[in-house]
Amino acid sequence: MAGENRNAGNGFTGRRRLRKPKATVVVADRVARSVITLGGIGGIGAVSLVGLFLVYVAAPLFLPSRLDAERAVATGEPPAGVVHVAVDESATMAWAFHRDGSVLVRDLRDGRTIHRLRVPDGPSLTCWSFSLEGDRCALGYADGSVRLGTLGFATEYVDADDVRAAGREPAIGEAVPFRRGMVERTPEDQFRYREIVLALGEPLVLAAGTLVRIDQSRGPGGSLVAALDVEGRLHVGERRERRNLLTGELATQVRGGSLDLRAAGLLPAGGIAPSHLLLTGLGDNVMLAWPDGRLLRVDTTDPADPQPAGEVDLVPEAGRRLTAIAFQSGKASLVTGDDLGRVRVWFRVKDPEGDSRDGTALVLAHDLSGIPAVATAITPSVRTRMVAVGFADGTAALYHLTSERRLVTVDATGDGEPVEFLALAPRDDLLYAQTGGAARIWRIVAPHPEASWRALAGKIWYEGYGGPAWIWQSSAATDSFEPKYSLMPLVFGTLKATFYSLLFGLPLAWLAALYTSEFLAPGARSRVKPVIESMASLPSVVLGFLAALVFAPALERWVPESLTAVVTIPFAFLLGAHLWQLLPREIMLRRSRCRLGGMVLGLPAGLWLAFALGPTVERTLFAGDITAWLAGQVGEGTGGWMLLLLPLSAVAVVAANVQIVDGWLRNSSTGRTAREVALLDLLRFLLSSALAVALAWGGASLFAAMALDPRGGFLDTYVQRNALVVGMVMGFAIIPIIYTISEDALAAVPGHLRAASLGAGATPWQTALRVVVPTALSGLFSAMMIGLGRAVGETMIVLMAAGNTPIMEWNVFNGFRTLSANVAVEMPEAVQNSTHYRMLFLAALTLFVLTFLLNTVAEAVRTRFRRKSLQL
Amino acid sequence: MREKRDMETQSIVTRPSPPDAVDLRRRPGSGENRLAAIAAGAAVPADIHAGVFASPAVLDIENFNLWYGQKQALFDLTLPIPRGKVTALIGPSGCGKSTLLRSVNRLNDLIDSVRIEGDMRLNGDSIYGRSVDVIELRRRMGMVFQKSNPFPMSIFENVVYPLRIDGERNRNVLQEVCERSLRGAALWDEVRDRLGESALGLSGGQQQRLCIARAIAAEPEVLLMDEPCSALDPIATAKIEELIAALRGEYSILIVTHNMQQASRVSDDTAFMYLGRLIEYGPTVEIFTRPHLRETEDYITGRFG
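Residues numbered from 1 in each chain as written. Chains lettered and ligands numbered in written order. Predicted model: local features only at pLDDT ≥ 70, side-chain atom pairs only at ≥ 80, totals over all residues. Heavy atoms only, no water.

K.L.:
Could you give me a rundown of a positive patch on the surface, with the residues and numbers involved?
P.N.:
Positive charge collects at one region of the surface, where A:Arg15, A:Arg16, A:Arg17, A:Arg19 and A:Lys22 lie side by side. Mapped onto the secondary structure, A:Lys22 falls in the segment before helix H1 (23-58). (Patch = residues over 30% accessible without salt bridge, like charges linked within 9 Å, V, L, I, M, F, W, Y side chains within 5 Å. Areas by Shrake-Rupley, 256 points an atom, 1.4 Å probe, with all protein chains shown as cover. Salt bridge = Lys/Arg side-chain N within 4 Å of Asp/Glu carboxyl O. Lys, Arg positive; Asp, Glu negative; His and termini not counted. Charge placed at Lys NZ, Arg CZ, Asp CG, Glu CD. Helix = DSSP H or I, 4+ residues; strand = E, 2+ residues; numbered from the N terminus.)

Have a look at this one:
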């Protein structure tokens, strides 16, 4: 029957309708369906891809570290007399310093000696120290003299012909012995030649007797050397070199002093020499460590007058011994190993008691244990806070000390012999471990040793800080700097920005939505709404620019006035409303259209009042200078408490009014004229305002009398780019979106509910508060959540106006740094695939997840709201 | 047809007081002509029976005109609503019954384009005077809408809403009023155990009775009902009708209905309206048994409308 019309020709319209859709319609329908499906899936896919990409880049941060066995190395000769071993960048060569002053350079592929050299006066050499970076050394002699100089590998590029002339033709990437070192053919087809360089300065006589321990450091002005002689005297010498800017002459100045430890009773009974002498990087401390764990600090801030500055027991357990000790890169943190297998980090912090001579104390910051063997060798990395530790049972482990993680453990020797020497290649990519008869090389795969969940979210004790803290500081001027990647300050900053901008924007947006949907005439509403929505089209960079260059300086100029305005503007509005009530009823009803105009006057009136009162407020509450007051330099806490307590006391007074006075007023209003009641109401308002102020003042005085000071929490030092500025400007930016959604939610409340309420005799205000708002509550909530999402992700305004200081402080007058601004600021400077780079992606991922969650919650609430409103 | 009529109504606006006002009363059997004359814009005087003047009026509607923008919806209505009785407004869709009802408590004020002329008096007080406080006015009336509209709150709070907005906080007073109103609305026995539950959980008929309870909780001078049963099934309708009958005498009720039987069952007086004009108004018995006008008879017997 299909397709055939039985009534053909007799149809009501006189035409026959096809019973089957046309083929073109069917095709168009299918095409439309597939295009729409594709678009939908594409949209979901695009969002998922963004998330997946963020995960893909950030995930390697949490990959476990590895040590890949590279090769075994023939040591060539018995290691007897070797005191220090270092390897070159690609671990093709190693030099070993011997007790007798000879230095052997070996080819690590076959163990053959490439080159041999000897320091001057080798036989009388008594002590030595080598810098971590593998370039400087200090040698002490039996005659009390020292020689400072350079000992390490130096790199130069040589002519290809020279290499070929020597009969060498390495393949690309291969290294072969050449002259006194090795030549390597780089992937760019250049010949990179490395050899050992030894350059020692003239002897410097430091002591009269034999030196037993020595260390040296290079500060900004010159070199420092500290040495201990056999008599127990500590000698400190400083060599300063100053170049005359006019003549170009180099003036060398040497000065120093000594401290007789034996005379001061600081040597243990029997006069045992300390096993280690360490000089800090800044040269302000000399640390002497004994095998029983005792560590003596000597303050050498003035090299001419070294003084003991305190003692610490590094191994308090009785009978246990300190077996290895080394400075980390930067020579500020000590890494110690003991015969319990513990690896611990110590550094100096500001002494809480302050009774030590230099005001600092050496504290135990990190404690890593877990390998039950004697730690025999400690080699810190030059670049990071990673250390390689060798143990007596042949284990070698890599640790990241700051994050307190053991990254990876290997059996270094395979035969249970103790690890004697460990060396890390300068780029942290190779580990060299040597035991009595054998050595091995591992390739280190630990691209992000500092990243762990603990480091991201937990408090970490960084070198030089008073205690564990959440810190984000990705770069600094010095090499020995350790990047600090805690996301907490950024998450905090994001929350702070969101909190303050919602504090400002949310009430305004909600009230504006309520006003337009419930009180404004529909005609005006249809014009006001698009205008507010068009605020959203203001580029946030423009808002940020205004905030940073116009608003922030203006706010700084008028701090007390701005704070006063927070009180006076609402006061002016309420006063206006009460005065309006005083008008005769006839006029009030007839002139109800003028009410909006009258209300608008409240703003300038409030501002005028604020500016009129501002100086007085500053004088009476903030000792005449609010900036100094906030910085805690002048005045007492009363003003600040007043500031914080006034909103609370206002709320309390309003509550008291609602609970007590309203009923009384209602009962006593029967039989009175409207004018009398309005007068009473005005009187009540003025009295309540005065009461609120008095209450706040009383509370403030009480708190101040109890010696409590509000400064340090929400109120503190004023910084020009601060949370208040961002709160106001970002609040402005999120008003349109909150407004639009709230207004829609309010307008979606069925008209028959409004009619029922009005029909029952409720005022529009009562209708709005009792019926419309409760019904639209979930819509209002979802508007808030979406505004929250917008505030969380907002970048430009916070970037320009928040000061970008990643600090965790609720102070409304201080800045912060948000996740988004952080990514924007640092991404151009992050090296691709570095920890920093991945960390920024992780920050972006956090932001993504945060906004995704917020929007999902908002959407869920909205769907529920829609379902509920269908019931009405 | 419908469009044509609208066009004609539009044309009325250009000449609000037609010069050719004709009196068709004396010509019985010319019902179609009268309705056609109204459709053409002629001003036809209403036939008001003497019976409605028997009892004092609670509400006096005096020469009331209303426009939606350019379109006039109510034409020169003059009728008294007797105190303590049930007055039904009947008429075909679009005749202005609901508009008239909503004009009584000035809910039409909420619509921007509405303009009125004339006045109404509630117990002698002007409703549309310039210095009338509309909130005060609405407190003197209760209204029940076509669609039940309980607030999304508990049953208790729904009923005491008029007291809440008056600021009443005495729990005893609230509870007493709640119980009385619910008893008045014949709902008490059904909801007494779940006053704290959401009103949205009630059935349609219960919701409508709840709305009536809410309306009578305000102790109104007039109770306005806008097709209170049109969304309900026959059983619920019967309950509401019983309720209206029970409220008679205690309250003055003005009810709009589409249901002729309902009007005849519940009301004391009935007003028949057509295209914004009052056609005939009299005691229900007379209107339904011996109407003066043929058009009224045609309408109530279902011959048109």
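K.L.:
Go over the interface of chain A and chain B, please, and point to the residues and values.
P.N.:
In this assembly, 29 residues from chain A lie in contact with 30 residues from chain B. In this assembly, chain A packs against chain B so that about 2500 Å² is buried in total across both faces, 58% of it on carbon and sulfur atoms. Of all the secondary structure elements, the ones that give two or more residues to the side of chain A that touches chain B are helix H5 (522-534), helix H8 (585-590), helix H12 (638-669), helix H15 (751-759) and helix H16 (764-793) of chain A. At 7 residues, H15(A) tops the list of elements feeding residues into the side of chain A that touches chain B. Within the side of chain A that touches chain B, the residues separate by chemical class into 13 nonpolar, 11 polar and 5 charged. (Contact = heavy atoms within 4.5 Å. Buried area = accessible area lost by both parts, 1.4 Å probe. Nonpolar A, V, L, I, M, F, W, Y, C, P; charged D, E, K, R; others polar.)

K.L.:
Describe helix H6 (residues 540-557) of chain A, with residues and values.
P.N.:
The periodicity of an α-helix, 3.6 residues per turn, causes residues three or four positions apart to be oriented the same way. Residue and element names in this part refer to chain A. The end-to-end C-alpha distance of H6 is 24 Å, a good match for the 26 Å that 18 residues give at a rise of 1.5 Å each. Residues Ser540, Leu543, Gly544, Ala547, Ala548, Ala552 and Leu555 constitute the buried set of H6. Residues of H6 that are buried sit in contact with helix H7 (559-582), helix H14 (723-747), H16 and helix H17 (796-801). (Expected span 1.5 Å × (residues − 1). Buried < 20%, exposed > 50% of the residue type's maximum accessible area, 1.4 Å probe, protein only.)

K.L.:
I'd like a description of the state of the cysteines, backed by residues and values.
P.N.:
Residues and elements named next belong to chain B. Scanning the entire structure with this criterion turns up 0 disulfides over all chains. As a non-bridged cysteine, Cys229 has Cys211 as the owner of its nearest cysteine sulfur, 12 Å distant. Residue Cys229 is classed as buried on the basis of its relative accessible area, which comes to 8%. (Disulfide = S-S within 2.5 Å.)

K.L.:
Give a description of the sheet that holds strand S30 (residues 430-434) of chain A that names residues and reports values.
P.N.:
All names here are of chain A. The 4 strands are arranged S1-S31-S30-S29 in an open sheet whose pairing can be described as antiparallel. One side of each edge strand has no neighbouring strand; the edge strands of this open sheet are strand S1 (66-74) and strand S29 (421-424). Taking each pair of neighbouring strands and ignoring which way they run, the sheet shows an average axis angle of 20 degrees. Alignment of S30 against strand S31 (residues 438-445), held across 5 bridges, turns out to be antiparallel. Bridge pairing in S31 links Leu431 to Trp442. (Pairing = 2+ DSSP bridges. Axes fitted to C-alpha atoms, helices over the stretch in contact; angles between N-to-C directions.)

K.L.:
Requested: an account of the domain arrangement of chain B, with residues and values cited.
P.N.:
All names here are of chain B. Domain boundaries assigned for chain B yield domain 1 (1-15 + 30-140 + 220-305) and domain 2 (152-219). If you sort the residues of domain 1 by the area they bury against domain 2, Arg139, Pro220 and Leu243 come out on top, with a joint share of 41%. Connecting domain 1 to domain 2 are 2 salt bridges. Ionic pairing is found between Asp166 and Arg139, a salt bridge with its closest N-O pair at 2.2 Å. Along the contact surface separating domain 1 from domain 2 lie 2 residue pairs in polar contact (both at pLDDT 80 or more). Only strand S8 (222-226) and helix H10 (234-247) provide two or more residues apiece to the side of domain 1 that touches domain 2. Top contributing element to the side of domain 1 that touches domain 2 by residue count: H10, with 5 residues. (Domains from an automatic or database assignment. Polar contact = N/O pair within 3.5 Å; in protein donor to acceptor, adjacent residues only side chain to side chain.)

K.L.:
Describe the confidence of the model for chain B, naming the residues involved and giving the relevant values.
P.N.:
Looking at chain B as a whole, its pLDDT mean stands at 83, while 89% of the residues score no less than 70. Here the complex is predicted with pTM 0.82, and the ipTM for its interfaces comes to 0.83. (pLDDT = per-residue confidence, 0-100.)

K.L.:
Tell me what's going on with the pairing of strand S15 (residues 233-243) of chain A, and back it up with residues and numbers.
P.N.:
Along any regular strand the residues' side chains alternate between the sheet's two faces. Residue and element names in this part refer to chain A. With 7 bridges joining them, strand S14 (residues 222-229) and S15 adopt antiparallel strand pairing. Along S15, the bridge assignment pairs Ala226 with Val236. Where S14 folds back onto S15 in an antiparallel hairpin, the turn is made up of 3 residues, including Gly232, whose phi is positive at roughly 90 degrees. Summarising the sheet, S15 and strand S16 (residues 250-260) pair through 11 bridges and their orientation is antiparallel. Considered in S16, the bridge of Gly237 is made with Gly256. Between S15 and S16, which pair antiparallel one after the other, the connecting turn spans 6 residues, and Gly248 there sits at a positive phi close to 80 degrees.

K.L.:
For unusual backbone geometry, give the residues involved together with the corresponding values.
P.N.:
Glycine aside, residues mostly have negative phi, and peptide bonds are mostly found in the trans state. Residue and element names in this part refer to chain A. The backbone phi angle of Asp189 is positive, close to 65 degrees, even though this residue is not glycine. Examined against the element boundaries, Asp189 turns out to sit in the loop between strand S10 (181-185) and strand S11 (191-200). Positioned with a positive phi, Asn833 is a non-glycine residue whose angle comes to about 65 degrees. For Asn833, the position within the fold is in the loop between helix H18 (819-826) and helix H19 (835-871).

K.L.:
With reference to specific residues and values, describe a negative patch on the surface.
P.N.:
Residues A:Asp393, A:Asp411, A:Asp415, A:Glu417 and A:Glu420 make up a contiguous surface patch of negative charge. Along the chain, A:Glu417 falls in the loop between strand S28 (405-411) and S29.

K.L.:
Requested: an account of the sheet that holds strand S25 (residues 375-380) of chain A, with residues and values cited.
P.N.:
Residues and elements named next belong to chain A. In space, the 4 strands of this open sheet follow the order S25-S26-S27-S28, with antiparallel pairing throughout. In the strand order of this sheet, the two ends are held by S25 and S28, each with one partner. Across the sheet, the mean angle separating the axes of adjacent strands is 20 degrees when strand polarity is ignored. Judged from the 6 bridges that link them, strand S27 (residues 395-400) and S28 form a sheet pairing that is antiparallel. In the sheet register, Ala397 faces S28, and the bridge partner there is Thr409.

K.L.:
Any chance you could break down a nonpolar patch on the surface for me, citing the residues and the numbers?
P.N.:
A grouping of A:Leu538, A:Val541, A:Val542, A:Phe545, A:Leu546, A:Leu549, A:Val550 and A:Phe732 is seen on the molecular surface, where their side chains present a nonpolar patch of about 640 Å² in accessible area. With 6 residues, H6(A) is the single largest residue contributor to the nonpolar patch.

K.L.:
How would you sum up the pattern of salt bridges? Please name residues and give values.
P.N.:
All names here are of chain A. A full pass over the atoms with the stated rule returns 53 salt bridges over all chains. In this structure, Glu184 engages Arg192 in a salt bridge whose closest nitrogen and oxygen atoms are separated by 3.4 Å. Across the pair, Arg192 and Glu184 agree in class, each one buried. Shared partners join several salt bridges into a network, and the residues in it are Arg525, Lys529, Glu533, Glu743 and Asp744.

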